[in-house]
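Tertiary structure, described
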Amino acid sequence: MDGGWRDDVLGAGFQQRTLDLRPDDEGDVVATLVRSLPARRRFWQTERDLEDVDVLYVHGWSDYFFQRRLARVFTDRGARFFALDLRKYGRSIRPSQTLGFVADLATYDEDVEAAIAAMREGGAGEGRRLVLMGHSTGGLTLSLWAHRHPGVASALVLNSPWLELQFGARSRAALMPVADLRARISPLAPAPQIDLGFYARAQRETFDDDDPYEVDHAWRPEIAMTAHAGWIRAILAGHAQVAAGLRIDVPVLVMLSTRSILPTRWSDDLTRVDTVLTVDQVARAALHLGSSVTIERIDGALHDVFLSRKQARADAYARLERWLDGMLALR
């Protein structure tokens, strides 16, 4: 670790820290931890209900952390909020790297564990509960991590997690031998690009001036980054692990849109559905995560439920806070 917190691109109230990781075939590798801390409680104020909680958020594919309001939902209740830009994403991109590439999702264990070590440095995390929160591919990554590391987290929140292939388990099983062979021969071979830019357009259409955010398109391009054969194999292997059954030992919240469309042309309907995943497939796969899984279906939500139209977004935040209120009783 470089040892220092410095101002983040998100501005006031946000800092970042570079986490040095082991180099790989492409050279130096880092992850970046972003934090937002709660305001100091005045002596006359009562204790806030999340003052003993640390949140660690992980983004999805072709993405990075930029959601200020999501951080505020937690810090306003006393939690410390942290977000991790994984290696080769967002703030962590370095020259000559293959963006987003890993050949095994377990590679991210180093990123997550470096983040937790930084969060706990100097005893700052002693006696605190850890809430993991992942979006899309980040939800798959954290689900597998929580399964492999029982007893560390206190809860897992998943925002449209990519737990199953869009076309289902049978298609995944049929594709896996082909993906495995292609990854062995040429792990960096590009996969066909299926993103037509509709998801980015849907977010522009649903943008709310009362809840603004800014996106750096160098870090979150409107057409998703190129996926590669080795990464595709890693994702399919992760889906297979979920299908076989995980043993996550903490309560899990899964938030999804009520509908999905895998589009071939633009329509206004795409501003009210998940256009990335098949949500019914994900809902079924979520039942394999552990013994305590809550599934919340949000009418009108986009793939990132917290970037949806105002009504769906408010519903998503309300359901998140309601679930957090219930989780508090488990401490």
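Calculation criteria
Residues numbered from 1 in each chain as written. Predicted model: local features only at pLDDT ≥ 70, side-chain atom pairs only at ≥ 80, totals over all residues. Heavy atoms only, no water. 1 Å grid on protein atoms, 1.4 Å probe; cavity = no way out; pocket = protein on both sides within 12 Å on 5 of 7 lines; lining within 4 Å. Points joined across faces, edges and corners; volume = space filled by probe spheres on them. Helix = DSSP H or I, 4+ residues; strand = E, 2+ residues; numbered from the N terminus. Nonpolar A, V, L, I, M, F, W, Y, C, P; charged D, E, K, R; others polar. Salt bridge = Lys/Arg side-chain N within 4 Å of Asp/Glu carboxyl O. Buried < 20%, exposed > 50% of the residue type's maximum accessible area, 1.4 Å probe, protein only. Expected span 1.5 Å × (residues − 1). Contact = heavy atoms within 4.5 Å. Bend = angle between axes of the 7 residues up to and from the residue. Pairing = 2+ DSSP bridges. Axes fitted to C-alpha atoms, helices over the stretch in contact; angles between N-to-C directions.

Section: the layout of surface pockets
Here the largest pocket defines a volume of roughly 1400 Å³. If you trace the largest pocket, you find 50 residues lining it, with W61, Q166, Q193, I194 and D195 closest to the centre. Elements with a minimum of two residues in the lining of the largest pocket: α4 (169-185), α5 (198-205) and α6 (229-244). Looking at the second largest pocket, its volume works out to about 190 Å³. Split by residue class, the lining of the second largest pocket holds 4 nonpolar, 1 polar and 5 charged.

A short note on the pattern of salt bridges
Enumeration over the complete set of coordinates arrives at 35 salt bridges. For the salt bridge of R48 with E51, the shortest nitrogen-to-oxygen distance reads 2.9 Å. Note on R48: relative accessible area 22%, which makes it partly exposed. A relative accessible area of 18% means that E51 is categorised as buried. Note that R80 and D54 form a salt bridge whose closest N and O atoms lie 2.7 Å from each other. Here the residue R80 occupies a position in strand β5 (residues 80-85), and D54 occupies one in strand β4 (residues 53-58), the gap between them amounting to 26 residues. Across the pair, D54 and R80 agree in class, each one buried. Through salt bridges with shared partners, one network takes in R22, R87, E110 and D111.

Structural notes on α6
In an α-helix, one turn spans 3.6 residues; hence positions three or four apart end up facing the same way. For α6, with 16 residues, the first-to-last C-alpha span of 23 Å sits near the 22 Å given by 1.5 Å per residue. Listed as buried for α6 are A229, G230, W231, R233, A234, I235, L236, G238, H239 and V242. On its buried side, α6 packs onto α3 (137-148), α4 and α7 (279-286). Following α6 by one or two positions, G245 adopts a phi angle in the positive range, close to 105 degrees.

Side note on α4
With 17 residues, α4 extends 24 Å between its outermost C-alpha atoms, agreeing within 8% with the 24 Å of an ideal straight helix rising 1.5 Å per residue. Remark: the principal bend of α4, roughly 35 degrees, maps to L175, with a proline, P177, within the next four residues. On its buried face, α4 is in contact with α6.

A look at the sheet that holds strand β7 (residues 155-159)
Pairing in this open sheet of 9 strands is mixed, and the strands run β1-β2-β3-β5-β4-β6-β7-β8-β9 from one edge to the other. The open sheet has two free edges, formed respectively by β1 (6-7) and β9 (293-298), since each of these has just one partner strand. Examined bridge by bridge, β4 and β5 share 5 bridges and lie parallel to one another. Bridge pairing in β5 places Y57 opposite A83. Against the sheet, α3 touches β4, β6 (129-135) and β7, its axis set at about 140 degrees to β6.

A closer look at empty space enclosed by the protein
Under the criterion given, the structure shown has 4 cavities of 30 Å³ or more. Roughly 140 Å³ of volume is contained in the largest cavity. If you go around the largest cavity, you meet 16 residues; those closest to its centre are D211, Y213, F306, L307 and R313. Where the lining of the largest cavity is concerned, the elements lending two or more residues are α1 (68-75) and α8 (310-328). The element that contributes the greatest number of residues to the lining of the largest cavity is α1, accounting for 3 residues. Here the residues of the lining of the largest cavity are counted per class, giving 7 nonpolar, 4 polar and 5 charged. Forming the walls of the second largest cavity are D54, I116, M119, R120, G125, R128, R129 and L130. If you list the elements that add at least two residues to the lining of the second largest cavity, you get α2 (109-119) and β6. Here the lining of the second largest cavity is composed, by residue class, of 3 nonpolar, 1 polar and 4 charged.

Interpretation in functional terms is not warranted from these geometric data alone.
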